[in-house]
Amino acid sequence: MGRKKKTLHDYAAEFSELSVKRHLLERGGGEEAAAVVVETLYCTSCQLPMRVRRDRILEHLSSGRHYRNRRLLRQHGLRAPLLLSAGPGVGAGLPLQLDAPSLLSQPSFVLATATGSVPSSPSYPEPLAARQPVVAAAPREDPTPSTSASHPSSLTAFHLRIAPAPSKQAGQRGAAAEASDGPAPVLQPGSGIGLALFGIGLVNKAFFQSLMEENGCCLLYVVEDQLEEVELTFGTEFLAGTRVLQQRDADVALNDQRVSGAIICSPPEEASEIVIDALRAGKGVFCERLPSFDRQTAEACFDEADRCGRPLVCGFYKRFDPALQFLYKKVRDSQALGRIHRISTISSIYPAASLSFLKTSGGIFYNAAVHDIDIISLLLGESAPDTIFSLGHAFCADMAYLKDADTVAVSMKFRSGAIVTLDVSQHCTKSCDQRLEVHGSQGTLRVDNQNPLGITEHGTSVSIYSQTQADRYRDAHRELFRHFLRTLKGKEPPVITKEQFLWTIQVAAAAEQSWRNGSAVDLRSEAIDSSVIKTEIM
């Protein structure tokens, strides 16, 4: 027997940006009139009917039009308006022929809003359907809701021209706000590569220090709505040659030809849109966190980088740590340990991240464990384990409220036979604890905690040396940032490939799924949908 044909609801469940909409159409006239219910697959952000072809769906979801619409809705806090069919004259293109090879342009519709109908934006192409005068009427829609798991209602988005929100009072804005209203920054000769920074909420302190100390670049723009946070983070002296913009003015930075690179420090749920826009503006992109939790969206970001011929560098900083790089050369290049039997890591973070940070950064699996998973895959030379099992607990009541864990243990077995254990915790009272051991057939190598004093502490009541996570990996963040600058100059390609990144977030998704379900996940036979998993804790 062949494979079961996917339904519209299957596609809506697979792609979180799609939903199924039901239309009630009347056929015939007079006493012989009959009502027919027709289902159509729609993009809820763009309100476009979709052809049921996977390649066309992926092409649309990675398009600039789709990302701009999503950004408008999120940026201005809009709720998707209700879409009403304008009648059989306007909706002549429906029902759609679902096996057609391409997408239809958007037909004319009327939006039910508080202030009346809202026309589509003139900046987009004209629809194929002829424009006709339409009168808003009561919707003739089937009241049965869609069965899509990700979009249970028929509320949808539309192209809108939004007037900028009023700015804060001048007395509350300070020096950063003055920079926002001032002229374009001047790139001095010899000052290096021009950069623009988007968001500061999730940025690492060690990376900030690298950005401020590096001589080969110049920060021309900071795009952030929280202007006071910008001042506190950088200081007015550093911002003297930098223009601070709000999110609504991000295009100013992207359209500046002096900007060669964009640094994205926004939450992963927002980062993908900025990544796509920056790449299409001809900028190289450094994503300090993850470009997306969703595997398909992340893949679209890398594909866009290939199409635009610009580098996309992701922030897997641990592989740039000098100690771990030395270990990699011994294990992989020199084969000093022979065949690898076991690898164990301990990653206790100090100080613990704030709850708001953990919520927006993806929780313990996507904020912390994902970096250890990347290192393990690098050391073993294997993309993903065959089997993965996780245990975890929320010792902090606030973490339990977020439905996340603050302490997890992840066990993995790879095809080569290697067994890996990851211990990750948000609880470390005195200093961060970062250790890694590799056991092979010919010996063992271990990376211990590092401190400049060289004194080992056992059971003392007072901490001899307190080391934060940023202190421990300061060199790693600096080398990662310098690697990004070299990619902008064309001296080397990004070392973190699309395949490596996609497998890493897929393993992180499997680890989280195992913890939530209380059972092992077999990656040889199961496909992990990270977008579904992340909706449980956001």
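Residues numbered from 1 in each chain as written. Predicted model: local features only at pLDDT ≥ 70, side-chain atom pairs only at ≥ 80, totals over all residues. Heavy atoms only, no water.

*Asks:* Talk me through the pattern of salt bridges; I want residue IDs and the actual numbers.
*Replies:* Summed over all chains, the structure comprises 19 salt bridges. Where Asp374 meets Arg319, a salt bridge forms, and the shortest distance between an N and an O atom there is 2.6 Å. With a gap of 55 residues between them, Asp374 in helix α12 (residues 363-380) and Arg319 in the loop between β11 (312-314) and α10 (322-333) connect regions that are remote in the sequence. The exposure class of Asp374 is buried, given its relative accessible area of 3%. By relative accessible area, which is 10% here, Arg319 ends up buried. (Salt bridge = Lys/Arg side-chain N within 4 Å of Asp/Glu carboxyl O. Helix = DSSP H or I, 4+ residues; strand = E, 2+ residues; numbered from the N terminus. Buried < 20%, exposed > 50% of the residue type's maximum accessible area, 1.4 Å probe, protein only.)

*Asks:* Could you give me a rundown of the sheet that holds β11, with the residues and numbers involved?
*Replies:* With respect to topology, 6 strands assemble into an open sheet ordered β8-β7-β6-β9-β10-β11, the strand pairing being parallel. The two strands at the open ends of the sheet, each matched to only one other strand, are β8 (243-245) and β11. Here the strands of the sheet are splayed against their neighbours by 25° on average, with no regard to which way each runs. Alignment of strand β7 (residues 217-223) against β8, held across 3 bridges, turns out to be parallel. Of the residues in β8, the one forming a bridge with Tyr221 is Arg243. (Pairing = 2+ DSSP bridges. Axes fitted to C-alpha atoms, helices over the stretch in contact; angles between N-to-C directions.)

*Asks:* An account of the sheet that holds strand β15 (residues 419-425) is requested, with residue identities and associated values reported.
*Replies:* In spatial order, the strands read β17-β16-β12-β15-β14-β13-β18; together these 7 strands make up an open sheet with mixed pairing. Of all the strands in the sheet, just β17 (443-447) and β18 (521-522) have a single pairing partner and so form its edges. Where strand β12 (residues 340-348) and β15 come together, 7 bridges link them in parallel fashion. Counterpart to Ile343 in the pairing with β15 is Val420. Together, β12, β13 (387-393), β14 (407-413), β15 and β16 (433-440) form the strand contacts of α12, whose direction differs from that of β15 by roughly 150°. Those strands touched by helix α16 (residues 498-517) are β13, β14 and β18, and its axis lies near 55° from that of β13. (Contact = heavy atoms within 4.5 Å.)

*Asks:* Break down the packing of helix α9 (residues 295-308) against α16 for me, with residues and values.
*Replies:* Relative orientation of the contacting elements α9 and α16 amounts to 165°, with a least axis distance of 10 Å. Regarding the angle of α9 to α16, the classification is roughly antiparallel. The way α9 lies across α16 gives a crossing that is right-handed. On the side of α9, the interface is formed by Arg295, Ala298, Glu299, Phe302 and Asp303, while α16 contributes Lys498, Phe501, Leu502, Ile505 and Gln506. Its residues placed into classes, the contact of α9 with α16 shows 5 nonpolar, 1 polar and 4 charged. (Parallel < 35°, antiparallel > 145°, perpendicular 65-115°, else oblique. Left-handed = near helix turned anticlockwise from the far one by under 90°. Nonpolar A, V, L, I, M, F, W, Y, C, P; charged D, E, K, R; others polar.)

*Asks:* If you had to explain the side chain of Ser210 to someone new, which residues and values would you point to?
*Replies:* Position of Ser210 among the secondary structure elements: in helix α5 (residues 205-213). Excluding its chain neighbours within four sequence positions, the residues that come into contact with Ser210 are Arg474, His477, Arg478 and Phe481.

*Asks:* Outline the packing of aromatic side chains, supporting the account with residue identities and numerical values.
*Replies:* Summed over the entire model, instances satisfying the criterion amount to 8 aromatic pairs. Geometrically, the ring pair formed by Phe302 and Phe501 is tilted, given 5.6 Å between the ring centres and 45° between the ring planes. In this pair, Phe302 is assigned in helix α9 and Phe501 in helix α16, connecting sequence segments 199 residues apart. The class for Phe501 is buried, based on a relative accessible area of 0%. Seen from their ring centres, Phe365 and Trp515 are 6.0 Å apart, and the 35° between their planes marks the pair as tilted. Placement of Phe365 in helix α12 and of Trp515 in helix α16 is noted, with a sequence separation of 150 residues between them. Residues Phe365 and Trp515 agree in their burial class; the two are buried. Seen from the ring of Tyr473, Arg472 lies directly overhead, with NZ or CZ sitting 4.4 Å from the centre. (Phe/Tyr/Trp six-rings, centres within 6.5 Å; stacked < 30°, edge-to-face > 60°. Lys NZ or Arg CZ within 6 Å of the ring centre and 35° of its normal.)

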